[in-house]
Structure formats: C-alpha cells, structure tokens
Amino acid sequence: MWKPKPSNLPFLLLVMLITSFIYSSSLTALALTSLDYHLGHSKYGDASISGDDSFHGSSSAELSVESKGDYIRVSVYMDEPLPLEDLDLLSMWIKPQYGDGEVQLDLFLDGDGDDSYDSHSSKDARVRSLKESWSEAGISLSQWNELDGFDLNYEKYQDKAFGSGSLADCKSKLKGESLVRLYITLYKDGKVPKTTAFIDYIKIGDQIISFEPMEQEAIKKATKSISPGGQITYTITYGNNQLTPVDLVVKEQYDPRTSFIEANPSPDPGSTNVWTFRQLPPGAHGQIVIKVATIKPSCKAKIESKVSGRGYTSVNGLLSTDFNGNLITNSVTISSSEFNLTASADTTVRPIEGSILAFGEHGSGFYKSEEQLAYSPSSISLRRQINGSTALAVVNLSRCSIPIQGGWFAGLQGENKIRDIRWSDKYYHASLLNLSFRVQLSKAQSLLETSSRFIGMVDRTSQWTDVITDQRLAGNFTITSKATGKWSSMQISQQEEGLDCCPEIQDHEEEI
Ligand SMILES: [Ca+2]
Ligand SMILES: [Ca+2]
C-alpha cells in the first residue's frame, strides 16, 4: 500500500501562467493550477507551508498535531468538478517525522449536477479511505513515500450497505459522479505527544499542488484598462512541474500597437521577446516582468488651400480628436521539448472624448473657397471662406454634357464632447452663399465665429452647456455671430452681433 520513492516517476505537466497588469489596478488572470487548497488550524494542530523539507521544488506542507489534538487536515478544492471516470491519478508524497500517524483521504462527490457536495443530497456521495498507520503500511519515518490513492480501500460515509472496496470499485459504483473536494487528514498517534509529517506534490488527474510560493500567486490581479499612450506591464510566470530539469523557451508576441520598453530579466541577446531558461530544475518557478508602451495619438496637420472656378462642386471634410478606444492583446508561448503552451491577456485602452468637426458644401455655379486648417490630437482649428452663386454649369459625364442649375447647400457641424458643446448650421437651396467662419475646438477653448450673406434657407442650432438655441431663416440674410467658451476662466459668451434680413419666412425660437 505504501511505496518507497520509485526512480521512475510519472510524467507531470509543465505549467505556466501569464498575467498582465498595468499600474496599480487589477484584473483576474489565469491560474497556475485548477486546484485550490486550505491548510487547517486548530488548538492542537497546524498545517503550514514549510521550506524545511520538500519532495518537489523548495516547499511542502507540514502537518502537526499534538497534546489533546485528534487530527489536522489539508482541504483541496477543484475549480471544475472532475468526472470520476476521468480520475486516473490520485497521489501525493508524504514524509512522516514523528509518531505513527494515520492518513485518510475523503473524496466529496457531486451526483446531482450542482457542482458541490451536500450531505443531504441522496445523489451526492462521500467516500473515504480506511485508516491505516504508516507502521502497518510498512514505511519508515524521515523518508519521502508516494501515497497512491488507488492502492487504498474505501467505504461510503454513513452507508454500510455500500461495502468497502478499491477506488476503481467506487468509480464503477458511483458512475456519473464528479470529484469536487478532497480532504487529506492526518490523525495523531495517541501514544506519543505529537505526530508530524510533510506532504508534497499532490496530483489529482493532471493538476498538481506542490506548495510552491508562485502557486499562491497563481490568481493574479491586474488592471482592465489604460489611457491611450499609457504603459502596460505584463508579468509572465513560468514553472517546471515535471520531475526532471527542462529547457524552457518563453516567447512573447506583442500587439503591433505596442512597443517594447524593458524587461526583467532581460530577453535573450539580440531579441526583445525571447527568454531561454536552460535546465530549469523541477519545481522551479520564475517571473518575467515586461513593460511596453502604447501608441499615443499624435497626428498633426496644417493645411492651406484655395479653389475657384465654375461648375459642379462637392466638398466634405471631417476632423476628429475623438478616440473610440481599443483592445490590446498580448500572447505568450512557453515551450519545452514536450510542450507548447500559449496564453494571452487583453488590456482595454480607454476612449478619449474629444471634438469632432464636419463641414462641406455642394452646388453648381461659381465657386471659390479658401481654408486654413490646423489639427493636433487635442485641438482642431479651421478658418474657411466660401463663395457660391448659382449659374448654369455644364457637367461632362461620359461624353454627355449635362447642364445643371441648382442651389447651394452647405453644412458646418461641431461638437466638443468634453465641454458639452455642439452646433449645426445647414444652408439649403441658396442662390447666393457667402460664408466665412472660424472654428476652434479644444479642451481649453471653443470658438465659433460666423459671418454669412445668403439668399436661401438656414437651420442653425447650438448648445453651449445648458443654453440651447434653434433658428430657422428663409430669405435674404446677413448674419454675423460669435460664440466663445474659455475654460481657464470658466467663461462662456455667445453673441449675435448682427442679423439683417428681408425674410420671406422667419421662425425664431430660443430655449434656455
Ligand atoms: Ca451536489
Ligand atoms: Ca513542493
């Protein structure tokens, strides 16, 4: 039942973890193992991580129970229930130190599909191994021994009719049940003051608990998002859960919208994304911390142009300092001679609320425009003058000349999302349109200066924080207006400097 340490140990998984975190905030990351554990404490008993001895890696769990104590326990929880038919391995290593203790395994099974064990559920089951001291099992103290759960005999808790049998028997009797929890209990030897043992390398299926410090960091916290241009820190945790040394290669795949800044430890010479670890010992874990920069919107433009002529004209422009945000994905591959594992982490780049300016006109006849435009990620400024008047224009399409005589249409729409400002001027069916405007949209200042002379119709709406105006004019008008918002002094001024008209129809509303 109890076996001495064999030389040919089962092949065990190499596991890795990638987490990403940015600055000080947090994000749940992948786990190193899908097993979780709890070390018991009581008045006379204690289970704790110990660096004094280990079977695998540098640490193990030390269980001790003394004086009037009866037992001490390590509880293991499955992240996902493990179907009993898939339970092909259940083992651990144990090194008794004092006393002739007894170890018992308790398997808690879910049979009603709610992913947990409930003693009141007739479908759930608890099976436990029959207690046996290590002297009865024929093992000596101070030696690492494998306890194979498949070598023990089990009974069903509070169900004598179930009888006793091997784990294989239980598996066939309890088909369809899933393992959700395991207790490993050390009972005290009543003849001596204390009983102690080290336990290490618990293996349930392909999942392992080796009580190594990095395993405790398996569930990481990291930020969900950064501002555009912010720095992202990735932490890659790698480890060797095999029982022999491995050559390990970690390879990062950076998102193309990021650029490498630095890493600790440094990547292999000549690379920014490859780390090679030769002969990584069993149980060894480590971390690589990588910093990358994200691209900050940095477009700048300055444009001056002039156009004049006669014909059909259509002009449209759209400028935006708005940024919708995006998702930065980073992935890593960890490979050894047997493995090629990949994991990825996402970081949300938060959107920027900025300004949007749209303008344009179309019509036929005489046309002349001049514009000066300056654009940066934080500011838009545009000065524009257009003159349009209707005249018979000939448009030549596929050798067919089409005479066109229509009105002029023009639009100017601006929005400053940060300052809650928006306006829209739309000119329709104008036979004459002389429009001159100056616009500036930035966080510190928004300005709209308009001077127009037109024969036709216009809809003008504007919202400067809580001041909303709506105008509709039809006829022959001259308009000059200026509205400015400066946020350094928290002042907003809006003024209609002049409105001359001989309107055919006029409908003017104001709402505050
Ligand atoms: Ca259940
Ligand atoms: Ca260990």
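For the structure itself, look to the data block above.
These notes cover the structure that comes with them. (Residues numbered from 1 in each chain as written. Chains lettered and ligands numbered in written order. Predicted model: local features only at pLDDT ≥ 70, side-chain atom pairs only at ≥ 80, totals over all residues. Heavy atoms only, no water.)

1. What about a negative patch on the surface?
Heads up, the condition is: Exposure above 30% relative accessible area and the lack of any salt bridge qualify a residue for a patch; like charges then connect within 9 Å, and the nonpolar side chains Val, Leu, Ile, Met, Phe, Trp and Tyr within 5 Å. A 1.4 Å probe and the Shrake-Rupley method give the accessible areas. Residues count as covered only by the protein chains that appear here. Salt bridge criterion: a side-chain nitrogen from Lys or Arg within 4 Å of a carboxyl oxygen from Asp or Glu. Under the counting rule used here, the positive set is Lys and Arg, the negative set is Asp and Glu, and His together with the chain ends is not counted. A charge is said to be at NZ when it belongs to Lys, at CZ for Arg, at CG for Asp and at CD for Glu. For the purposes of this entry, the term helix denotes a DSSP run of H or I that reaches at least four residues, the term strand denotes a run of E that reaches at least two, and both are numbered from the N terminus.
A surface patch of like charges, here negative, comprises D36, D79, E80, D112, D114, D115 and D118. Inspection of the secondary structure puts D36 in strand β3 (residues 35-39).

2. Comments concerning the coordination of the calcium ion (ligand 2)
As a benchmark, a tetrahedral metal site with four donors has ideal angles of 109.5 degrees, while an octahedral site with six donors has ideal angles of 90 or 180 degrees. Selection criterion: Note on donors: an N, O or S atom is included if it sits within 2.8 Å of the metal, or within 3.2 Å for Na, K and Ca, and water is never included, so sites can look incomplete. The rule is simple: take the accessible area with a 1.4 Å probe, protein chains only, and divide by the maximum for that residue type; under 20% is buried, over 50% is exposed, in between is partly exposed.
Those donors, H56 (O), S59 (O), D200 (OD), D200 (OD), S210 (O), S210 (OG) and E212 (OE), are the protein atoms that reach the calcium ion (ligand 2), and they lie 2.2 to 2.7 Å from it. Sequence positions of the donors to the calcium ion (ligand 2) reduce to the motif H-x2-S-x140-D-x9-S-x1-E. Here D200 lies in strand β15 (residues 194-204) and H56 lies in the loop between β4 (45-50) and β5 (60-66), a separation of 144 residues in the sequence. Residue H56 shares its accessibility class with D200, and that shared class is buried.

3. Quick look at the coordination of the calcium ion (ligand 1)
We apply this condition: Metal sites are grouped by the angles between bound donors: all angles between 85 and 135 degrees with four donors is tetrahedral, opposite donors over 155 degrees apart with the others between 65 and 115 is square planar for four donors and octahedral for six, and any other pattern is irregular.
Only D110 (OD), D112 (OD), D114 (OD), S116 (O), D124 (OD) and D124 (OD) from the protein reach the calcium ion (ligand 1) as donors, at distances of 2.2 to 2.7 Å. Seen from the calcium ion (ligand 1), its six donor atoms lie at angles of 52 to 155 degrees, and the figure they make is irregular. Sequence spacing of the donor residues for the calcium ion (ligand 1), all on one chain, is D-x1-D-x1-D-x1-S-x7-D. When its relative accessible area of 31% is taken as the criterion, S116 is described as partly exposed.

4. Observations concerning the nonpolar core
So the rule is basically this: In this description, a nonpolar core means a group of buried Ala, Val, Leu, Ile, Met, Phe, Trp, Tyr and Cys residues linked to one another through side-chain atoms lying within 4.5 Å. Contact definition: two residues touch when any of their heavy atoms are within 4.5 Å.
The biggest cluster of nonpolar side chains holds 42 residues, and the ones touching the most others in it are V76, L105, L107, I184 and I204. It is strand β6 (residues 71-83) that provides the largest number of residues to this core, a total of five residues. Residues within four places of V76 in sequence aside, it is in contact with L35, D36, Y37, V180, R181, L182, I184, I202, I204 and I209. In terms of nonpolar packing, the next biggest core, distinct from the first, is built from 30 residues, Y367, W423, V439 and W464 among them.

5. What about the pairing of strand β14 (residues 178-187)?
The cut-off we apply is this: Only when DSSP finds a minimum of two bridges between them are two strands counted as paired.
Within β14, ten of the ten residues are buried, which leaves the element mostly enclosed by the surrounding structure. With nine bridges joining them, β6 and β14 adopt antiparallel strand pairing. The residue bridging I72 from the neighbouring strand is L186, located in β14. Relative to β14, strand β8 (residues 102-110) runs antiparallel, the two sharing nine bridges. Residue pairing in the sheet places D106 in a bridge with Y183 of β14.

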